[in-house]
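Chain and residue survey
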Amino acid sequence: IQQYNSVLARNPIYIAARVSLSDAYILTKNYGMAGRVVEQGLELTPDDAELLAEKQSVINAEQFDSLWQLWSKGNEAQAIKQAQDYLQAHPDHPN
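Now for a quick tour of the structure.

**Observations regarding the pattern of salt bridges**
- According to the stated counting rule, one finds three salt bridges in the structure shown.
- A salt bridge links K29 to D65, with the nearest nitrogen and oxygen atoms 2.9 Å apart. With K29 in the loop between α2 (15-27) and α3 (31-44) and D65 in helix α4 (residues 49-72), the pair connects residues that are 36 residues apart, well separated along the chain.
- You can call K29 partly exposed: its relative accessible area is 47%.
- Take D65: its relative accessible area is 14%, and that puts it in the buried class.

**Considering the environment of S72**
- Structurally, S72 is set in helix α4.
- Residues S72 and L51 lie 21 residues apart in sequence; the distance between their C-alpha atoms is 31 Å.
- A polar side-chain atom of S72 sits 3.2 Å from the main-chain carbonyl oxygen of Q69.

Reading the values: the criteria
- Residues numbered from 1 in each chain as written.
- Predicted model: local features only at pLDDT ≥ 70, side-chain atom pairs only at ≥ 80, totals over all residues.
- Heavy atoms only, no water.
- Salt bridge = Lys/Arg side-chain N within 4 Å of Asp/Glu carboxyl O.
- Helix = DSSP H or I, 4+ residues; strand = E, 2+ residues; numbered from the N terminus.
- Buried < 20%, exposed > 50% of the residue type's maximum accessible area, 1.4 Å probe, protein only.
- Polar contact = N/O pair within 3.5 Å; in protein donor to acceptor, adjacent residues only side chain to side chain.

Have a look at this one:
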């Protein structure tokens, strides 16, 4: 994470480093920072396809983690309901 931040300090529009930094934050379950990194990139390059895809990856990872936490604690019905609600609110999501 520190190395990616260093790279981005020198070159903020280096998309591959930004996506990799976001992925590193996802792996540490720091979804807020992952999203922030992506949003900062989108401020610089608003139509970048990689960043737009990464934005969805952050959302998906956070949603999956939330569902898994519910499911693993025995709240299967709540996890299913939350997944159904999410998919209803986002009908264009690629299930």
